[in-house]
Amino acid sequence: MALAMTSSPPQPPPPSHRRRRRPQPAAPTPNANAKPKPRAKALPLLSDVGVGRDPSAIKYYARVASNLAGAGRLRDFLLAAEGLRAAAGDDPSFAARISARLLSRGVAAAVRDRGLPHVLEFLRDAQRVRVPAAEMLDADAADAVAAACRMVLEERRMAEFVEVVEALARYGFYVQGIVNPMDVLKIFVKKHDPDMAIRYARIFPNSQLLLCNTMEAFGKRKDLKSALTVFGALKGQLGGINMFACRSVIDICGHCGSSVQARIIFEGLLADKITPNTYVFNSLMNVNAHSLNYNLSVYKHMQNLGVAPDLTSYNILLKTCCNAREFNLAQEIYEEMKKKECDGLLKLDVFTYSTMMKVFADAKMWKMASNIKEDMQAGGVRLNLVTWSSLINAYANSGLVDRAIEILEEMIRDGCQPTAPCFNIILTACVKSCQYDRAFRLFSSWKKSGIKISLSPEQKRCLDGGAFTFCKEYPSNGSTTLVVPFRPTVTTYNILMKACGTNAERAKSVMNEMRRNGLCPDLISWSILMDIHGTSQNRDGAIQALRRMQRIGIRLNVSAYTVAIKACVANKDLKLALHLFDEMKAHQLKPNLVTYKTLLTARSNYGSLQEVQQCLAIYQEMRKAGYEANDYYLKELIVEWCEGVLSSGSDNRDFYNLDLQPKRKESFNLFLEKVATVLQKDVDQNQIVDVRGLSKVEARIVVLSVLRKIKEQYLLGTAVQDDVVIITGHEKTSRTEVETSAVDVEHAIVTVLTDDLGLEVLIGPGSHLPVLPNPKALTKSRSNLQAPTKFTRPQGVIKIPVNSLNHWLKKKAARD
């Protein structure tokens, strides 16, 4: 590039003196008729005019370039810098002589006047000509650039902001001072954009820490997919597995409820021949605390790899045993921990004792819980609120209310301030043991005067140093009485509502008292009231409570609707129960197992085809939702309904007792699926009944269900248009203990159709072998089924001709 000058190149002045600036003559008045002057010609590089490596020349032209930069002429500055660099032979002294103050002034002006993109272009070109412009900027210029970047961020132009910061970092700008990186990463977390978060974090030297924090931020929002994306990028950046990151992502999996994904990450470590440390093992076991078998296998694997378990490892195993209610195993682990404590390898903490206390409390083993308390005191570990609450619960679960109250008083003397849940445990114990009046008496006494504790002088001195907020009284005899106030919560009043039994009016008064004390009844309060109405055969009261909840703005959940449905079922109003069931699904609420079972057991018998179809539709929906539906009661109702087609009614109960027990879930589910399939077809459709895979009893029920449906539709005016074809097959079909062949199934169906119903049936591949409804013909047909004849052996097809069906239906209609 050439530097444009006047007609002749000026020579640099000698360094010994300076020229005085002469006054410039006034500009001549422009003449319209004057000819335009020719343009100045671009002259060659300074190296061509003899500047060379002259220090005075470099100093002079550095000052010229600085003035150009200070005037905001950044492009001219770069032209001058490039020319002088070429002339000086890449001498770095030129860049050192540029005025940082003037350059900063020019950059700041360029940011204000021409925008951030122009400055970025300047920094790029300055880097090309080896001028460290970004390093030479002063605080004012850096603040101007940073302010422009923050403006882009405030306008949420996130992609542009990342590109700008990337460019500034590449040109040597101090990007850490623009904005706190985590503030930007939180925006990407909120937008669920892990890719941009990874790209932005990698700009900074501490990108590993930023990525870990970003991964945890995604985890707090339960965005597991994005957290795993960041984890993958973190592994790729480090070139291996970082144990802290691995532990964090496993904890995130647990927070998001995906223990399976945590296992996959752990198995990936093992597949890569990486030995996890103790903290990773602890996080994995904590996430899988609901699975005892898996955690035991992890603990064994931990020992095989030579990773020493710490106190946290054992505490998590105790927690797992507590969740699985494996009290004996928990006791074994606890004894092992005490042995290691004696050997000086462990020091049990309050969490260990609290967990064991909860184990024995859930098992109603109050004596063992009391032994844990003695172990704590012997080990010099002071009981905390959780431990005291577990001990109170141990006695309360065992029905020892008086002893639970004594433990509460001992807790106060020990200097631990009880909370409302401690009192609620005792009230709950009264309700569970049906001591309803005692629950109300204790509540009234505590609320009126609190709980009074007599203290010895030594106990008083211990409590004086604590953080107690209790009111103290000092009677005249010198002893100290401590009065602990009781502040009931919503949960406390909910417990009292349960103590009302079937007395809805008393429950309402408890709710009113709750409001007077500044508390608002919650969803559980209203659900208890609905359940009381339903138990007392007051369906309208339960529905009114449900609608009241909707009016006051309480968002209903599945439990509330299930309680209302249960109240309707208890009052024999299945129609309203089904209406609430549909309303619940319309509000995007998924029914739970209790909801389905409440509806399936709503009837004691079925009177019509529509009722059976409703029941089977609920059953199929239940199975699709993933719930087990092995309901013996449902099968009995269907048997009773389909047997109604016979004149003999239920005279065949002994026959059904042979095979009615659902010995296998798959057989039971297949049976109900067959019934549901045939009953959902229209009568005018071709009735093909597939009983393959069923036992002879289940096949009989399915066939009778079809005939019962045809009969009901006929009575409503729908005539039969086609034959009924029953497919029995060849293979062994029963899944019960005694296998039944297809011939036995076929024989059972033919028997009920001909002997009990008087229908004519056709047997065989073309259904040409008739079986008539009379004893002689029936005997003949049976002999044909069993003895070898000229006919082909029946191929598992039974047909009921349409004429025989119509004749049977006419006789049934006349008889009924």
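Anything mentioned here points back to the structure above.
Quick notes on the rules
- Residues numbered from 1 in each chain as written.
- Predicted model: local features only at pLDDT ≥ 70, side-chain atom pairs only at ≥ 80, totals over all residues.
- Heavy atoms only, no water.
- Buried < 20%, exposed > 50% of the residue type's maximum accessible area, 1.4 Å probe, protein only.
- Helix = DSSP H or I, 4+ residues; strand = E, 2+ residues; numbered from the N terminus.
- Pairing = 2+ DSSP bridges.
- Phe/Tyr/Trp six-rings, centres within 6.5 Å; stacked < 30°, edge-to-face > 60°.
- 1 Å grid on protein atoms, 1.4 Å probe; cavity = no way out; pocket = protein on both sides within 12 Å on 5 of 7 lines; lining within 4 Å.
- Points joined across faces, edges and corners; volume = space filled by probe spheres on them.
- Nonpolar A, V, L, I, M, F, W, Y, C, P; charged D, E, K, R; others polar.
- Contact = heavy atoms within 4.5 Å.
- Disulfide = S-S within 2.5 Å.

Student: Please clarify how the pairing of strand E1 (residues 451-455) should be interpreted in this entry.
Tutor: Consecutive side chains of a regular strand alternate in pointing toward one face of the sheet and then the other. Burial of the side chains of E1 is restricted to one face: Ile 451, Ile 453 and Leu 455 are buried, whereas none of Lys 452 and Ser 454 on the reverse face is. Two elements, E1 and strand E3 (residues 480-484), share five bridges in a ladder whose sense is antiparallel. Its bridge partner being in E3, Leu 455 is matched across the sheet by Thr 480.

Student: Please clarify how the packing of aromatic side chains should be interpreted in this entry.
Tutor: To describe a pair of aromatic rings, you give the distance between the ring centres and the angle between the ring planes. All chains considered together, the criterion is met by 14 aromatic pairs. Ring centres of Phe 423 and Trp 446 lie 5.1 Å apart, and the angle between their planes is 70 degrees; on these two criteria the pair is classed as edge-to-face. Of this pair, Phe 423 sits in helix H23 (residues 420-432) while Trp 446 sits in helix H24 (residues 436-449), placing them 23 residues apart in sequence. In terms of burial, Phe 423 and Trp 446 fall into one category: buried. Ring centres of Tyr 596 and Tyr 627 lie 5.9 Å apart, and the angle between their planes is 55 degrees; this geometry places the pair in the tilted category. Here Tyr 596, found in helix H32 (residues 593-600), pairs with Tyr 627, found in the loop between helix H33 (609-624) and helix H34 (632-642); they are 31 residues apart in sequence, far enough to count as distant.

Student: What is the right way to look at the layout of surface pockets in this model?
Tutor: Any empty space left between atoms is shown by rolling a water-sized probe over those atoms. Counted as a void, the second largest pocket has a volume near 180 Å³. Every residue along the wall of the second largest pocket is listed here: Lys 508, Met 511, Asn 512, Arg 515, Trp 526, Leu 529, His 533, Asn 538, Gly 541, Gln 544, Ala 545 and Arg 548. Its residues placed into classes, the lining of the second largest pocket shows four nonpolar, five polar and three charged.

Student: Can you walk me through the side chain of Asp 362 in this structure?
Tutor: Tracing the chain through its elements places Asp 362 in helix H19 (residues 350-362). Residues within four places of Asp 362 in sequence aside, it is in contact with Cys 322, Arg 325, Phe 327, Asn 393 and Asn 397.

Student: Can you walk me through the state of the cysteines in this structure?
Tutor: Between two cysteines, a covalent bond joining their sulfur atoms is known as a disulfide. Counted by the stated rule, this structure contains zero disulfides. No disulfide involves Cys 321; its sulfur sits 8.8 Å from that of Cys 322, the nearest cysteine. For Cys 321, a relative accessible area of 0% puts it in the buried group.

Student: Is there a simple way to explain the pairing of strand E4 (residues 687-690) in this structure?
Tutor: Side chains Gln 687 and Val 689 of E4 all project onto a buried face; the interleaved residues Ile 688 and Asp 690 project onto a face where none is buried. Pairing geometry for E4 and strand E5 (residues 724-727), over four bridges, is parallel. What sits directly across from Ile 688, in E5, is Val 725.

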